[in-house]
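Geometric and topological summary
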Amino acid sequence: MTVGSALQTGLRLLVDRPADVLPVYLVGIGLTATVRVPLVVAIGAALALLVSDGRLETLVTELEAFLQSTDLDPAALETTPPPIPSELEAAVGNVFSPGIVALLGGGVIVALLVGVVAGGLSNAAVLHGIYGALVGDDGVRAALGGLADDWPSFIGLSILQTMLTILGFVPIVIGVGLFALSPAAGLVATAVGVVLGVGLIVVSSLLLAFAGQSIVADDVGLAGGVRRSARLPVARPWLIVGYVLVALTVFAVLSILGSLFSLFGVSQLSGIVGPLLLLPFLDIFKFGLYADRSFPIVTDGSAAGSRSSTAAADRRPHRARFVAAFRDGLVALGGFLRRAPLSVLFATAVFTAAAIVSYQVTAGFGAEIPTPAEPGLVFGSVPIDTFVMLAANNWLVSATATFGGLALGVPTGVDMLLNGGLIGALYGVTDSMAFLALVAPHGIIELPAIFVAGGLGFHIAAVVLGVLTGGATVTTLVDTLRLAYRVLLGLAVVLVVAALIEAFLTPAIAAAVL
């Protein structure tokens, strides 16, 4: 297959069958959500220690005194930043004691280790799902089946890639360390180390670039996949050149978009465009190049495998299909609430319990963070930027909480605890009227949407547990994941409404009330 044909394949699959591609990448997001669990646990343990010995209360009290004696007008803060009192500096220093730093450092190390494993599992699911969709099978089913079959190979590949990356940093670290002996020697050694280290990382990345595709398409395991991928630069150099050029273009586009999004204050959009559009396109393109053949991008439901779409639906114009997808999402959202209300209630209970506990902790400090003179500025100065940022961020939070259910609901539970804890902690140190004015107008829509996402995550966790124990079938899990994707489309509509209220109405309401 030529580079042009592979590019066309990537575009056609994304445009014609997004419901086979996007759920697969949401599965990957759910698996990698486990990375932050050790971090949140470490932070929670650190906060518990700080509360138990009074250091957190001291910090909040000193912060309250500082804020009350400081002009919070943005213009004043920009022209003459206030000096930090020594008492506040001491309180901050006491918080970051060696024990707390060690606890947080341990959480980071565990998170990195979990990330290596989770990255391998996510890659296995994503690549099997994409290949399944390319050959006309159900992408979600192919992702789950491939994950069950090839998880050892992909974890091994992730470990190998990580070790080679670490090895690449070794000469750089050695060079930097030589600065202590001689600046001249350190400079030369660092320059040489950068050349060697970056060279090793780049070469190893190219040699392993198609190892995952080989494991999936050729069913050869880790060793076979690495061997076949490593031979490609010699056997098919045009393939490597084409991949490098397209990959550099894709990442350049992602970088440019990220810069533009940041410039306009909507950097969260990068978390949607990258993982759900550009990276899927690149993975599909790589399969097209590696397999060196055209794939039938079917849209009439005639391909092998279980397909959920109908011929009539697929033949509609793209705009009509786009609108219908979100309309169907709202229907799926209502259906889920009727079928699994206990899951949503459980997520609500976890969130509420965390909010109550954190409120009792911070309210016991007896401190109150002053409300800004212009409450509307809490939400930003440009409403449209704030709207896009909030809608994208809240949808990503919902997607992570939902598909975090694949990891037996642990990431979902952490999300509910974390968000509930933050809300309760803020309420405990904020004036009640100010808090309600700043949160209630949009919160009455946004928070139930988060509860539904959490409930959906716990529902997925229950189905996963059923599959592991023999109480449910893989087909049930596939259907549940497809339902989750549809419900997330419905939640996107709800969260857009909540973001509109938060960006355009909440500031005015808060200013009028306060």
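The residue numbering used here restarts from 1 in each chain and proceeds along that chain's sequence as written. The predicted origin of the model limits local features to residues at a pLDDT of at least 70 and limits the giving and counting of side-chain atom pairs to 80 or more, whereas totals for whole chains, interfaces and linings rest on all residues. Excluding hydrogens and water, the side-chain values take into account all heavy atoms of the structure.

**Notes on the overall build of the protein chain**
We count it as follows: Segments assigned H or I by DSSP are reported as helices when at least four residues long, segments assigned E as strands when at least two residues long, and all are numbered from the N terminus. The size measure is the radius of gyration over C-alpha atoms, and the globule rule it meets is 2.2 Å times the number of residues to the 0.38 power. Between buried and exposed lies partly exposed: a residue is buried under 20% and exposed over 50% of the maximum accessible area for its type, with that area taken using a 1.4 Å probe on protein chains only. Only heavy atoms matter for contacts: two residues are in contact if any of them lie within 4.5 Å across the pair. Per-residue and other accessible areas were derived by the Shrake-Rupley procedure at a 1.4 Å probe size, with only the shown protein chains allowed to occlude residues. His residues and chain termini do not enter the charge count, which takes Lys and Arg as positive and Asp and Glu as negative. Lys charges are placed at NZ, Arg charges at CZ, Asp charges at CG and Glu charges at CD.
Scanning the protein chain from N- to C-terminus turns up 20 helices and 0 strands. The C-alpha atoms of the protein chain give a radius of gyration of 25 Å, which matches the 24 Å a tight globule of 514 residues would have. Taking the principal axes of its C-alpha atoms as reference, the protein chain extends roughly 70 × 70 × 45 Å. For the protein chain, buried positions account for 44% of its 514 residues. A separation threshold of at least 6 residues defines the contact pool for the protein chain, and within that pool the share at least 24 residues apart is 81%. For the protein chain, the exposed area adds up to about 23,900 Å²; of that, 72% sits on carbon and sulfur atoms. Between the centroid of the 21 positive side chains of the protein chain and the centroid of its 30 negative side chains there is a distance of 21 Å.

**A few points about the nonpolar core**
This is how the line gets drawn: For this analysis, a nonpolar core means a set of buried residues of the types Ala, Val, Leu, Ile, Met, Phe, Trp, Tyr and Cys, connected via side-chain atoms within 4.5 Å.
Ranked by internal contacts, the top residues of the largest apolar core, which has 86 residues, are Trp395, Leu481 and Val487. By residue number, the principal contributor to this core is helix H20 (residues 474–513), which donates 12 residues. Not counting residues up to four positions away in its chain, the partners in contact with Trp395 are Leu26, Ile272, Leu276, Leu488, Ala492 and Leu495. With 9 residues, the next largest nonpolar core counts Leu50, Phe365, Ala367 and Val429 among its residues.

**Digging into the packing of aromatic side chains**
Selection criterion: Whether two aromatic rings pair depends on their centres lying within 6.5 Å, for rings of Phe, Tyr and Trp, where Trp uses its six-membered ring; planes under 30 degrees apart make the pair stacked, over 60 edge-to-face, and the rest tilted. Throughout this description, the term charge over a ring refers to an Arg CZ or Lys NZ atom that lies within 6 Å of the ring centre and within 35 degrees of the ring normal.
For the coordinates displayed, the defined rule picks out 8 aromatic pairs. A ring pair is formed by Tyr131 and Phe287, whose centres lie 5.2 Å apart and whose planes are at 35°; its orientation type is tilted. On the criterion of sequence distance, the pair formed by Tyr131 in helix H7 (residues 98–134) and Phe287 in helix H13 (residues 270–291) is long-range, its members being 156 residues apart. Considered together, Tyr131 and Phe287 belong to a single accessibility category, that of buried residues. An aromatic cluster of three or more residues is present, and its members are Phe210, Tyr243 and Tyr290. Over the ring of Phe210 we find Lys286; its NZ or CZ atom is 5.3 Å from the centre of that ring.

**Comments concerning a nonpolar patch on the surface**
Heads up, the rule is: Patches were defined on residues exceeding 30% relative accessible area and lacking a salt bridge, with like-charge contacts within 9 Å and nonpolar side-chain contacts (Val, Leu, Ile, Met, Phe, Trp, Tyr) within 5 Å. The term salt bridge refers to a side-chain nitrogen of Lys or Arg lying within 4 Å of a carboxyl oxygen of Asp or Glu.
On the surface, Ile384, Met433, Val496, Leu500, Phe504, Leu505, Ile509 and Val513 cluster together into a nonpolar patch covering about 670 Å² of accessible area. Looking at the nonpolar patch element by element, the count peaks at 6 residues for H20. Considering the arrangement of structural elements, one finds Val513 in helix H20. Its relative accessible area of 45% is what places Val513 among the partly exposed residues.

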